[in-house]
Amino acid sequence: MTTDTERQYGQWKELYYEVVSTGLCTGCAACVMTCPRDVLEYEHPQYHPYNVEESTAFDNCMHGERGCDICAKACPRFRLWEVESDTALFGRTRLPEEVFGIAREVVLTRANDPAIQAVGQDGGLVSTLLVWGLEHGKIDGALTSHVSKDPLWDCEPWVATNREEVLASAGSRYTYAANALAMKEAEKRGLKSLALVGMGCQTSMNGTLSARSVAKYRRRITLTLGLLCSKSFTYPGLMVGKIQNDLGIPLDDIAKVNIKGKFQIWRKSTGEEIDVPLKECQPFMREGCTHCPDFSAEHADISTGGIGAFQGWTLTIVRTERGAEWLKEISDAGWISVKDVAEDPGVMKLLRKMAAKQRERWPVDSLEGDARAPGAVPPPSAGASAGPDAPPKEQA
Ligand SMILES: Cc1cc2nc3c(=O)[nH]c(=O)nc-3n(C[C@H](O)[C@H](O)[C@H](O)COP(=O)(O)OP(=O)(O)OC[C@H]3O[C@@H](n4cnc5c(N)ncnc54)[C@H](O)[C@@H]3O)c2cc1C
């Protein structure tokens, strides 16, 4: 049996008590995706991993007892995840002023293909990159999400392997899909080189897989595309409680949703836009978002958002060398238009403001960092809120 001091990262037991039960778990499912013994599963829409092993209690793992630490290594909220990820991806920790993470450049982009423009949430950059990658042999699949049919208008992980599937998955849903779970399907289909799309909570596994040498999945995920995000909502609360029951909008009549200072819903039947003040949606924010300090998907290869003055353009933060190469390739090939971010003077200010605000969610007294990393969030304090109750074993 391996003791905690011999093991560098801890196992499911430490992950459970330090992340899942403290409310730091965002529900990204990196632990479930990487578990080599398949003893972790995922509760949706509670958005939490749980142990299904029959021989141990819910908070322990037989393989962990024997030395397996993969789930904790993969977790993008375990211990010094931010410092380790910054160092692995960028060769240094961030400076205090790098409040939206380390970046090479920020630009505005828009798909030149009208079909992608039509379905993209903002400028369609994410879908353009995926289609480019699939059609040029750079990836053989994308771990992304689409609107579910049952239940209607939830968001579920899926693997897109061609242009039609990418276009069908474009746009934003504001409930949560743990896109990494689509890896199981990708593995069944023998797909080896994958792009991962997701919010910061999900794309930070780009950093932890590299930093902590989870080699199999570090090699397999060859591009991560981050979505800026201040929160997502529970399906029962937002879609069923608020939209269907309170507002009386049948879920099969929703054409599109968006958040631009308010929650916007477009009806299929009438084309009408219905606006809901964000404060009315606030009660349905997922618990996993309440401690998330990462607005700007700070460890993705490329992070994307829709803030700023230019509707129909994607705010694009290029972070890594491979991100820069992908963007240059599609730009040189004429697949996207690129605008200097200086054309929208307000957007950088807004990005910094939203990123700084969200960093206050991390449960520490001070966000000044610790001695090892002046700009980074330190390890969580004991003040992290009590998280979900331990699941009864029969659930697991
Ligand atoms: C929950 C959520 C909150 C967001 N909040 C903000 C914000 O506060 N400010 C901001 O500037 N931008 C925010 N965004 C990002 C923005 O909405 C766009 O996704 C981003 O600008 C990329 O636009 P695009 O046109 O390039 O992407 P598209 O080409 O439209 O591609 C979007 C990709 O995102 C995937 N996706 C959509 N919904 C989800 C989901 N719920 N879970 C996982 N994957 C999903 C799709 O499958 C698709 O691959 C948010 C996105 C989401 C999903």
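Residues numbered from 1 in each chain as written. Predicted model: local features only at pLDDT ≥ 70, side-chain atom pairs only at ≥ 80, totals over all residues.

### Thoughts on the overall build of the protein
Phase 1: Of the regular secondary structure elements, the protein holds 16 helices and 13 strands.
Phase 2: By the compact-globule yardstick of 21 Å for 396 residues, the protein fits well, its C-alpha radius of gyration being 20 Å.
Phase 3: Within the protein, the fraction of its 396 residues that count as buried is 48%.
Phase 4: Sequence separation of 24 or more characterises 69% of the internal contacts of the protein that already satisfy a separation of 6 or more. (Helix = DSSP H or I, 4+ residues; strand = E, 2+ residues; numbered from the N terminus. Rg over C-alpha atoms; globule rule 2.2 N^0.38 Å. Buried ≥ 20, exposed ≤ 12 C-beta atoms within 10 Å, placed from the backbone. Contact = placed C-beta atoms within 7 Å.)

### Some remarks on the site of the ligand
Phase 1: In the vicinity of the ligand there are 34 residues, among which Gly-120, Gln-121, Val-126, Ser-127 and Gly-305 approach most closely.
Phase 2: Residue assignment for the shell around the ligand shows that the elements contributing at least two residues are helix H7 (125–135), strand S4 (141–147), strand S6 (194–199) and strand S11 (302–305).
Phase 3: Grouping the constituent residues of the shell around the ligand by class yields 14 nonpolar, 18 polar and two charged. (Near = placed C-beta within 6 Å. Nonpolar A, V, L, I, M, F, W, Y, C, P; charged D, E, K, R; others polar.)

### A closer look at the nonpolar core
Generally speaking, a soluble globular protein has its nonpolar side chains buried in company with each other.
Phase 1: One finds Leu-15, Cys-31, Cys-71, Ala-142, Leu-143 and Ala-180 to be the most contacted residues of the largest nonpolar core, which totals 92 residues.
Phase 2: Of all the elements, H7 adds the most residues to this core, at six residues.
Phase 3: Once residues within four sequence positions are removed from consideration, Cys-71 is found in contact with Trp-12, Leu-15, Cys-31, Thr-34, Cys-35 and Leu-40.
Phase 4: In terms of nonpolar packing, the next biggest core, distinct from the first, is built from seven residues, Phe-233, Tyr-235, Leu-238 and Met-239 among them. (Core = buried A, V, L, I, M, F, W, Y, C linked by C-beta atoms within 7 Å.)

### Examining the sheet that holds strand S5 (residues 155–160)
Phase 1: Read from one edge of the open sheet, eight strands run S5-S4-S6-S7-S11-S12-S3-S13, paired in mixed fashion. Looking at strand neighbours, the two that pair on one side only are S5 and strand S13 (336–340), the edges of this open sheet. Pairwise comparison of adjacent strand axes, ignoring direction, gives a mean angle of 30° for this sheet.
Phase 2: As judged from the four bridges shared by S11 and strand S12 (residues 314–318), these two strands associate in the antiparallel manner. Its bridge partner lying in S12, Ser-303 is registered against Ile-317. (Pairing = 2+ DSSP bridges. Axes fitted to C-alpha atoms, helices over the stretch in contact; angles between N-to-C directions.)

### Some thoughts on the sheet that holds strand S9 (residues 262–267)
Remark on secondary structure: sheet strands pair via backbone hydrogen bonds, oriented parallel or antiparallel.
Phase 1: The three strands lie next to each other as S8-S9-S10, forming an open sheet whose pairing is antiparallel. Two strands in the sheet have a free side with no partner beyond their single neighbour: strand S8 (254–259) and strand S10 (273–277). Ignoring which end each strand starts from, the neighbouring axes of this sheet average 20° apart.

### A word on unusual backbone geometry
Phase 1: Cis geometry marks the peptide bond from His-44 to Pro-45; its omega dihedral reads 10°.
Phase 2: As for its placement among the helices and strands, Pro-45 is situated in the loop between strand S1 (40–43) and strand S2 (48–51).
Phase 3: Here the residue pair Asp-150 and Pro-151 is connected by a cis peptide bond, since its omega of 5° sits within 30 degrees of zero.
Phase 4: The phi angle at Trp-153 is positive, at roughly 60°, despite the residue not being glycine.
Phase 5: Considering the arrangement of structural elements, one finds Trp-153 in the loop between S4 and S5.
Phase 6: Taking the number of C-beta atoms within 10 Å as the measure of exposure, Trp-153 has 21 and is therefore buried.

### Comments concerning the pairing of S1
Phase 1: Sheet topology places S1 next to S2; four bridges connect them, and they run antiparallel. Residue pairing for S2: Glu-43 is matched across the bridge by His-48.
Phase 2: Taking the residues between adjacent antiparallel strands as the criterion, S1 and S2 are bridged by four residues, where Tyr-47 takes a positive phi near 60°.

### A look at helix H13 (residues 235–246)
Phase 1: With twelve residues, H13 should cover 16 Å at 1.5 Å per step; its first-to-last C-alpha distance of 14 Å lies more than 12% under that length.
Phase 2: When H13 is considered as a whole, its buried residues turn out to be Tyr-235, Leu-238, Met-239, Lys-242 and Ile-243. Burial along H13 is one-sided: seen end-on, the buried residues are contained in an arc of 145°. The outward face of H13, more than 90 degrees from its buried face, is lined by the exposed residues Asn-245 and Asp-246.
Phase 3: Summarising the contacts, the buried residues of H13 are in contact with S9 and helix H14 (278–281).
Phase 4: Once H13 finishes, Gly-248 follows within two positions and takes phi at roughly 70°, a positive value. (Expected span 1.5 Å × (residues − 1). Arc of directions from axis to C-beta.)

### Some points on the pairing of S10
Regular strands show a simple pattern: their side chains alternate between the two faces of the sheet.
Phase 1: With zero of five residues buried, S10 lies mostly on the surface of the structure.
Phase 2: Pairing analysis gives five bridges linking S9 to S10, with the strands arranged antiparallel. Looking across to S10, one finds that Ile-265 is bridged to Ile-274.
Phase 3: Turn length for the S9-S10 hairpin, with the two strands adjacent in sequence and antiparallel, is five residues, and the turn residue Gly-271 shows positive phi of about 75°.

### Examining H7
Residues spaced three or four apart along an α-helix point in a common direction, a consequence of the helix completing one turn every 3.6 residues.
Phase 1: With respect to burial, H7 is a largely interior element, nine of its eleven residues being buried.
Phase 2: Within the span of H7, buried status applies to Leu-125, Val-126, Ser-127, Thr-128, Leu-129, Leu-130, Val-131, Gly-133 and Leu-134.
Phase 3: Positive backbone phi, at 70°, marks Gly-137, one or two positions downstream of H7.

### Examining the confidence of the model for the protein
Phase 1: With 90% of its residues at a pLDDT of at least 70, the protein reaches an overall mean of 92.
Phase 2: Contacts for the low-pLDDT stretch residues 365–372, under 50 throughout, to residues beyond four places or in other chains number eleven contacts.
Phase 3: Note that pLDDT drops below 50 for residues 382–396; the model gives that stretch 28 contacts with residues more than four away or on any other chain. (pLDDT = per-residue confidence, 0-100.)

### A few points about the environment of Gln-202
Phase 1: Tracing the chain through its elements places Gln-202 in helix H10 (residues 200–203).
Phase 2: Spatially, the C-alpha atoms of Gln-202 and Ser-213 are 17 Å apart, while their sequence positions differ by eleven residues.
Phase 3: If we skip the residues at most four places from it in the chain, Gln-202 touches Cys-28, Asn-179, Ala-180 and Leu-196.

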